[in-house]
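Per-entry structural report
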Amino acid sequence: MVFSFHVYRKSAPNGKVSVYVGRRDYTDHLTHVDPIDGMVWLERDYVGDRKVLAQVVMTYRYGREEDEVMGLTFAREVVVAAVQVYPPPPPHSTTPLTTLQERLQKKLGNNAFPFRLSQPRCAPASVSLQQGKDETGRPCGVNWELRVYVASTADDQPHRRSCVRLLIRRRQYAATKQGRKPAASCSKEFLLSPGKLHLHVTLDRQIYYHEEKVVVGVKVVNQSNKQVRRVKASIVQLVDVALGPTGQLRNTLASVESQDGCPVVPGAGLSRSFTLTPSLRHHPHRRGVAMDGRLKAEETNLASSTLFTNPEHRDQFGIVVSYVARVKLTMGTLGGELVTEVPFTLMNPAPDNTEVCGAESKPEASDKSTRMVIEECRRMSQSDLLVPSQKSEDSLDTGLDDTQQKAGAGEQKASEQREGREQEGDREQHGERDEAKEDSRVEDVFTTDPTQPLTSAPQ
């Protein structure tokens, strides 16, 4: 049996500092949050008498990046955890190393130092608001980042050339047990008319997973002298923004309107069920829809419902996402409408323990070897995010023969290298920040015997 370790690595632009972590998704269990364990490899000659610090930074963006002018920024950064990696703390104050840290220390040698960062409980999960079709820049939302940099003191600002910025994701998962079935009832009286119109709405369960069907049960009892002409059921996403420009966004994700069984005359009733499927695939370019945070150019889903233990801490989350099933009865121009909403929870299912803690679990004694896969996280250009219809004509195939294509590719590559060197010089001069969006690729695969030491070091 081969026991596999999956490791993510990212290096500073100058290659003097590298960060190794076992995962990039960390779970908020409400009672506690998974800690961030990893290793930092560095060149001691470059660091010298300076320090290497590690931080967990939460960034809340509440405005468009293209609107930032004259030094005005629509984002807030909060350092929620910090620790000194080098020089290492005294041995008696450190926590025991995990299995992954022990393997990495054997592989990287004496220039590798472990670190452990604890995240706070009352903090938001990774979420972003979808941009419009023609919008560019970083989207609004909450992002988490692991930052490792070299500095003389803890108060110094990190320099871009010696700073590693790795995007991580904080997530919440659904509970394993279902609660009571949600239900809501309401009634309406009419002026100068006897009797009432009663509406009762139920859901088949409390917790739904993404891409699952939501069954909405509707029961109407008409004891008034009005007629119900139409019934409409919809799934609505509610996004409460607590920081920056406060407000609420209401996004209708799925809806159906029916006149079957209508009109419901006085003294009659109606019982029906509607099946709706809220999905982000039906709204690929709708502005303001909340979705789960992404680590790279990958497909994602609708944002999960925000869970918190104390309602008083609601404002600390910045963006609070919830879902309701909305049913509306239409009685005509003079009769008006009767509306009720039933809240429910939409989340991802909890992953297996092997997926969450696989990097920290220990291999069995019967294991003969271990396999370590190191995935390099690199910067991703903006053109990688464009769909083919948005790319320029120069990037499309124009039907040239092989010789012309090779010559053009060589010239284009040389031009890109010259432009890259010029842009790198400009970034060093003006201190531009790295792009927060990243992609990843599998770079190295190591199959080792636990009885043999790991002595190779990164180049």
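In this report, the structure presented in the accompanying data block is examined. Computed from a prediction, not measured in an experiment: that's the story for all the values here. (Residues numbered from 1 in each chain as written. Predicted model: local features only at pLDDT ≥ 70, side-chain atom pairs only at ≥ 80, totals over all residues. Heavy atoms only, no water.)

Comments concerning empty space enclosed by the protein
Selection criterion: Note on definitions: the grid is 1 Å and covers protein atoms alone; a cavity is a set of points where a 1.4 Å probe fits but cannot get out; a pocket is an open set with protein on both sides within 12 Å along at least five of seven lines; lining residues have an atom within 4 Å of a point. Grid points are joined across faces, edges and corners, and a volume is the space filled by probe spheres set on the points.
Counting across every chain of the model gives 5 cavities of 30 Å³ or more. Put simply, the largest cavity is a space of about 160 Å³.

A few points about helix α2 (residues 99-108)
Applicable threshold: Classification of residues uses two cut-offs on accessible area relative to the type maximum, computed with a 1.4 Å probe and protein chains only: under 20% is buried, over 50% is exposed, and between them is partly exposed. The helix count covers DSSP runs of H or I at least four residues long, the strand count covers runs of E at least two residues long, and both are numbered beginning at the N terminus.
In terms of burial, α2 is a largely internal element, 7 of the 10 residues being buried. Every buried residue belonging to α2 is among Thr99, Leu100, Gln101, Arg103, Leu104, Lys107 and Leu108, and all of these are buried. Note on α2: the residue one or two positions beyond its end, Gly109, has a positive phi of about 90°.

Some words on unusual backbone geometry
In this model, Tyr86 is joined to Pro87 through a cis peptide bond whose omega is -5°. Along the chain, the position of Pro87 falls in the loop between β6 (75-86) and α2. Of the consecutive residues Cys262 and Pro263, the connecting peptide bond is found in the cis state with omega at 0°. Structurally, the position occupied by Pro263 is in the loop between β16 (247-258) and β17 (269-276). One non-glycine residue, Leu30, lies in positive phi territory at about 70°.

A few points about the sheet that holds strand β20 (residues 337-347)
Stated precisely, the cut-off is as follows: Any two strands with at least two DSSP bridges between them are considered paired. Every angle, taken between N-to-C directions, lies between 0 and 180 degrees, and every axis is a line fitted to C-alpha atoms, over only the stretch in contact when it is a helix.
The sheet built from 5 strands is open, its strands ordered β13-β20-β19-β15-β16 with mixed pairing. Two strands lie at the open edges of the sheet, namely β13 (207-209) and β16, each paired on one side alone. Along the sheet, successive strands turn relative to each other by an average axial angle of 35°, direction set aside. As judged from the 11 bridges shared by strand β15 (residues 230-241) and β16, these two strands associate in the antiparallel manner. Note on β16: the bridge partner recorded for Val236 is Thr252.

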